[in-house]
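The residues making up each chain are set out below.
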Amino acid sequence: LVTAIPGPKSLEALQRRSEATSGGLGLAFPAVIERASDAILLDIDGNQIIDLGSGIGVTGVGNSAPRVVDRVIDQVQAFTHTCFTVAPYMGYIEVCEKLNALTPGTFKKKSLLVNSGAEAVENAIKIARHYTKRQAIVVFEHSYHGRTNLTMAMTAKNMPYKEGFGPFASEIYRMPMAYPFRFDGDDAACSAETLDVVTHKIEKEIGAKNVAAIVIEPIQGEGGFIVPPKGFLPGLAKFAKDNGIVFVADEVQTGFGRTGKMFAVEHENVDADLITTAKGIAGGFPLAGVTGRAEMLDSVHASGLGGTFGGNPVACAAALGAIATIEEEKLVDRANVIGKIMVDALNAMAMKYSVIGEIRGAGAMQAIELIKPGTIEPNSEAMSAVIKYCQQKGVLTLSAGTYSNVIRLLPPLVMPEHLLVEALGIIDEAFASL
Ligand code: PMP
């Protein structure tokens, strides 16, 4: 750091930000960025910030990753837009071929490309409803699926996502989530008992035959990196299969190597019928996808799906560069290396600091849940204080959790070890300062 955060130039720019941009936008890190590389954000005052957020899990391949930049430049010079449903192009087709091949499941798959994670979830619901000719959608406590009207209805947390934005879409049913840290019993009981409640509620309160889709994040992201206990996801997938319900894995945050597998459902060998992707797919370009069983993607009449910008050629070129980077640089393995460094350091902190209730996650997606010492009562004040301390030392971390008491770490998968170790040292200092 060469100035305080924010520095004088950032302060002035943030003043312009507040004059010009909607007050409805949040601000997690008060510094204005000029350049960024693998895991460093350089602000306009010349400060180098260590990035443990990747723009909310997007730049796994790093910022301006060379393979992304090269392909984007070539594509921008070739053409920038035709609309895929007006006059198609190879980039869109190639990204879909990649998604069909990379997602788990040996059945025939097809894909659709859109612009954002929320739009991917919306389209998965359209497909599931059209395919099943049913309407009800099952979602879970602590879930996050987006900010459009339908996905707001599917998202669990009221403030800030839903407050004052209703009325919400109908036919959305929320079920209890298997959340081991907040369950009185071991993991096996948490999985079995929660599954039991969920299936019972679906049968008695909705009627399984009325359910089009069960939608779940294999590891919940915004909800606080809640990792369901072993058996919960396979149990849900089986219930879905037995009842003709489409099982949708929302892998918008967990996909593309983040959790140490290409997709998080692979940790338990679950084949989702549909998988939604976004964030890490295209190295920072707006692109998202729905991938799944061919008969489901094909059940919709021509022109029932689509949109002007969906699968934009520049975003597709970026995705092909990002996917090539993940494959050629073996970033799925890197996620596990990074994960181990984080888990070791965070577990050591958990031994020292009684505000740490739990360290959890998978691969390079790790979180710290903070509690009032000696209880499991959420401690959002401690979360804010730690994030603020890290900010002042030039380390960007993100908050999460229904109770705003979780610090989540989503470092770029290309992050050099010495930077990660330095950042973890600052998190440790932050806890010591409480
Ligand atoms: N689903 C999940 C699991 C997410 O984490 C997010 C974004 N945080 C979304 C959907 C929505 O994605 P977007 O912000 O691109 O609309």
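Residues numbered from 1 in each chain as written. Predicted model: local features only at pLDDT ≥ 70, side-chain atom pairs only at ≥ 80, totals over all residues. Heavy atoms only, no water.

**Remarks on the packing of aromatic side chains**
The condition that has to hold: Two aromatic rings, drawn from Phe, Tyr or Trp (for Trp, its six-membered ring), form a pair once their centres lie within 6.5 Å of each other, and the interplanar angle then sorts them: stacked below 30 degrees, edge-to-face above 60, tilted otherwise. In this text, helices come from DSSP runs of H or I with a minimum length of four residues, and strands from runs of E with a minimum of two, each type numbered from the N-terminal end. Throughout this description, buried means an accessible area under 20% of the type-specific maximum (1.4 Å probe, protein chains only), exposed means over 50%, and partly exposed covers the range between. Only Lys NZ and Arg CZ are tested; either one counts as a charge over a ring when it is within 6 Å of the ring centre and within 35 degrees of the ring normal.
The tally for this structure, following the rule as stated, stands at eight aromatic pairs. Look at Phe-79 and Tyr-89: their rings are 5.7 Å apart centre to centre, the planes differ by 70°, and that puts the pair in the edge-to-face class. Of this pair, Phe-79 sits in the loop between α3 (66-78) and α4 (90-102) while Tyr-89 sits in the loop between α3 and α4, and the two are 10 residues apart along the sequence. Under the relative-accessibility criterion, Tyr-89 is labelled buried at 8%. One aromatic cluster is present, built from ring pairs that chain together Phe-79, Phe-84, Tyr-89 and Tyr-92. Over the face of the ring belonging to Phe-107 we find Lys-109, whose NZ or CZ atom lies 5.8 Å from the ring centre. The positively charged end of Arg-293 is found above the aromatic ring belonging to Phe-107, 3.8 Å away from the centroid.

**Details of the site of the ligand**
Rules: Proximity is defined per residue: any heavy atom of the residue falling within 4 Å of a molecule or strand makes that residue near it. Distance and chemistry together define a polar contact, namely a pair of N or O atoms within 3.5 Å, with one atom able to donate a hydrogen and the other to accept it when in protein, and with adjacent residues in sequence counting only for side-chain atoms on both sides. Here the Shrake-Rupley method, with its probe set to 1.4 Å, supplies the accessible areas, and only the displayed protein chains count as covering residues. Note on residue classes: Ala, Val, Leu, Ile, Met, Phe, Trp, Tyr, Cys and Pro are nonpolar, Asp, Glu, Lys and Arg are charged, and everything else, Gly too, is polar.
Close contacts around the ligand come from Ser-116, Gly-117, Ala-118, Tyr-144, His-145, Gly-146, Glu-217, Glu-222, Asp-250, Val-252, Gln-253 and Lys-279, and that covers them all. Contact between the ligand and Asp-250: a nitrogen atom at 2.7 Å from a side-chain N or O atom of the residue. Computed on the free molecule, the ligand has an accessible area of 390 Å², of which 82% lies beneath the protein chains in the complex. Broken down by class, the residue content of the shell around the ligand amounts to three nonpolar, five polar and four charged.

**Structural notes on the pairing of strand β11 (residues 356-362)**
Put simply, side chains in a regular strand alternate between the two faces of the sheet. The condition is simple: Paired strands are those between which DSSP finds at least two bridges.
The sheet contact formed by β11 and strand β12 (residues 365-370) spans six bridges and is antiparallel. When the sheet's bridge partners are listed, Glu-358 is paired in β12 with Glu-369. Taking the residues that link successive antiparallel strands as the turn, the β11-β12 hairpin has two residues, and the phi of Gly-363 there is positive, at about 55°.

**A few points about unusual backbone geometry**
Looking along the chain, the bond that leaves Met-159 and enters Pro-160 is cis, with omega of 10°. Topologically, Pro-160 is positioned in the loop between α6 (149-154) and β6 (172-175). In this chain, Gly-166 is followed by Pro-167 through a cis amide linkage whose omega measures 5°. Even without glycine at this site, Cys-83 takes up a positive phi of about 75°. With respect to the helices, strands and loops of the structure, Cys-83 is situated in the loop between α3 and α4.

**With respect to a negative patch on the surface**
For clarity, the threshold we go by: Without a salt bridge and with relative accessible area above 30%, a residue can belong to a patch; like charges are then joined within 9 Å and nonpolar side chains (Val, Leu, Ile, Met, Phe, Trp, Tyr) within 5 Å. Every case where a carboxyl oxygen of Asp or Glu lies within 4 Å of a side-chain nitrogen of Lys or Arg is listed as a salt bridge. Positive charges are assigned to Lys and Arg, negative charges to Asp and Glu, while His and the chain termini are left out of the count. Taken as the charge centre is NZ of Lys, CZ of Arg, CG of Asp or CD of Glu, depending on the residue.
On the surface, Asp-186, Asp-187, Glu-193 and Asp-196 cluster together to form a negatively charged patch. Structurally, Asp-187 is set in helix α7 (residues 187-206).

**Section: the side chain of Asn-312**
Spelled out, the test is: In this analysis, two residues are considered to be in contact whenever any of their non-hydrogen atoms come within 4.5 Å of each other.
Mapped onto the fold, Asn-312 is located in the loop between α9 (294-297) and α10 (313-328). A polar contact of 3.1 Å, which involves the side chain of Asn-312, links it to the backbone oxygen of Thr-80. Sequence-distant contacts of Asn-312, defined by excluding residues within four places in its chain, comprise Thr-80, His-81 and Tyr-89.

**Digging into helix α11 (residues 331-352)**
Where we set the bar: Each helix should span, by expectation, one fewer than its residue count multiplied by 1.5 Å.
An ideal rise of 1.5 Å per residue puts 32 Å on 22 residues; α11 measures up with 31 Å between its terminal C-alpha atoms. Each element contacted by the buried residues of α11 is listed here: α10, β11, β12, β15 (406-409) and α13 (417-432).

**Details of the packing of α3 against α10**
Going by this rule: Axis geometry follows a simple rule: fit a line to the C-alpha atoms, using only the stretch in contact for helices, then measure angles between N-to-C directions, giving values from 0 to 180 degrees. When describing relative orientation, an angle under 35 degrees is termed roughly parallel and one over 145 degrees roughly antiparallel, while 65 to 115 degrees is termed roughly perpendicular and anything else oblique. Handedness of a helix crossing follows the sense of rotation of the near helix relative to the far helix, less than a right angle counterclockwise being left-handed and clockwise being right-handed.
Close contact between α3 and α10 brings their axes to 8 Å; oriented N to C, the two are set at 155°. Overall, the two elements α3 and α10 adopt an arrangement that is roughly antiparallel. Between α3 and α10 lies a crossing of right-handed hand. Note on element contacts: α10 touches α3 through Pro-313, Val-314, Ala-317, Ala-318, Leu-320, Gly-321, Ala-322, Ala-324, Thr-325 and Glu-328, opposite Arg-67, Val-68, Arg-71, Val-72, Gln-75 and Val-76. Looking at the contact of α3 with α10 residue by residue, the class counts come to 10 nonpolar, three polar and three charged.

**Focus: the pattern of salt bridges**
Counted according to the given criterion, the structure contains 15 salt bridges. Glu-329 is the salt-bridge partner of Arg-67, the closest N and O atoms lying 3.1 Å from each other. One end of the pair, Arg-67, is in helix α3; the other, Glu-329, is in the loop between α10 and α11, and 262 residues separate them in sequence. Judged by its relative accessible area of 40%, Glu-329 falls in the partly exposed class. One network of salt bridges, in which partners are shared, links Arg-182, Glu-358, Arg-360 and Glu-369.

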